[in-house]
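# Examining the three-dimensional arrangement
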Amino acid sequence: MLTALSITTFAQSDSTSFKAAGNCGMCKKRIESSVKDPGVTLARWDVKSKIMTVKFDVAKITAKQLQQRVAAAGHDTDLFTADQAVYDQLPGCCLYDREQLKNLPDQSKTKSGH
């Protein structure tokens, strides 16, 4: 007699917080939208603190890739500087001081939540 075994795979979730430069509500929308991915369950950028918090499935995307996506949208992060040409195309209200992240306290972290 054979017994069927079922194997359940649980997604390994993680969360990360990192600095992302920006100024306004338009920046918030762009930054949060830049990390939209089937593996992302939460993306929240705080305009005042400049901290991006993301919950994601580590099997589908990495914390480093999340920061790359934000930078590709024109916003500097802890690890990546946005391409100057992309930054220059941002609306006037979104042209942040490119030194602003250096003056913020380090609040970046990655926390496993298996």
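A word on the overall build of the chain. Looking only at helices and strands, the chain has three helices and four strands in total. Secondary structure elements in the chain, listed N-terminal to C-terminal, are β-α-β-β-α-α-β. A total accessible area of about 7100 Å² is found for the chain, and carbon and sulfur atoms account for 54% of it.

Bringing the pairing of strand β1 (residues 13–19) into the picture now. When you tally the buried positions in β1, you get six out of seven residues, the bulk of the element. As paired strands, β1 and strand β3 (residues 51–57) are joined by seven bridges and run antiparallel to one another. Paired with S17 across the two strands is T53, which belongs to β3.

This part covers the packing of aromatic side chains. Enumeration according to the criterion identifies one aromatic pair in this entry. Centre to centre, the rings of Y87 and Y96 are 4.9 Å apart; their planes meet at 80°, and the pair counts as edge-to-face. Using a relative accessible area of 2% as the deciding quantity, one classes Y96 as buried. Lying over the aromatic face of Y87, R98 brings its terminal NZ or CZ to 4.3 Å of the ring centre.

Take the environment of V70 next. With respect to the element layout, V70 can be found in helix α2 (residues 63–72). Taking the C-alpha atoms as reference, V70 lies 8.6 Å from F80; in sequence the two are 10 residues apart. Those residues within four positions of V70 in sequence are excluded, and the remaining contacts are F18, A20, I31, S34, V35, H75 and T77.

Overall, the coordinates contain four salt bridges when judged by the stated rule. Two residues, K28 and E32, come together in a salt bridge whose shortest N-O distance is 2.7 Å. Here the residue K28 and the residue E32 both occupy positions in helix α1 (residues 25–34), the gap between them amounting to four residues, near one helical turn. Since its relative accessible area comes to 17%, E32 is described here as buried. In this structure, the salt-bridge partner of R69 is D37, at a minimum N-O distance of 3.2 Å. One end of the pair, R69, is in helix α2; the other, D37, is in the loop between α1 and β2 (40–45), with 32 residues separating them in the sequence. Note on R69: relative accessible area 29%, which makes it partly exposed.

Scoring rules and cut-offs
- Residues numbered from 1 in each chain as written.
- Predicted model: local features only at pLDDT ≥ 70, side-chain atom pairs only at ≥ 80, totals over all residues.
- Heavy atoms only, no water.
- Helix = DSSP H or I, 4+ residues; strand = E, 2+ residues; numbered from the N terminus.
- Areas by Shrake-Rupley, 256 points an atom, 1.4 Å probe, with all protein chains shown as cover.
- Buried < 20%, exposed > 50% of the residue type's maximum accessible area, 1.4 Å probe, protein only.
- Pairing = 2+ DSSP bridges.
- Phe/Tyr/Trp six-rings, centres within 6.5 Å; stacked < 30°, edge-to-face > 60°.
- Lys NZ or Arg CZ within 6 Å of the ring centre and 35° of its normal.
- Contact = heavy atoms within 4.5 Å.
- Salt bridge = Lys/Arg side-chain N within 4 Å of Asp/Glu carboxyl O.

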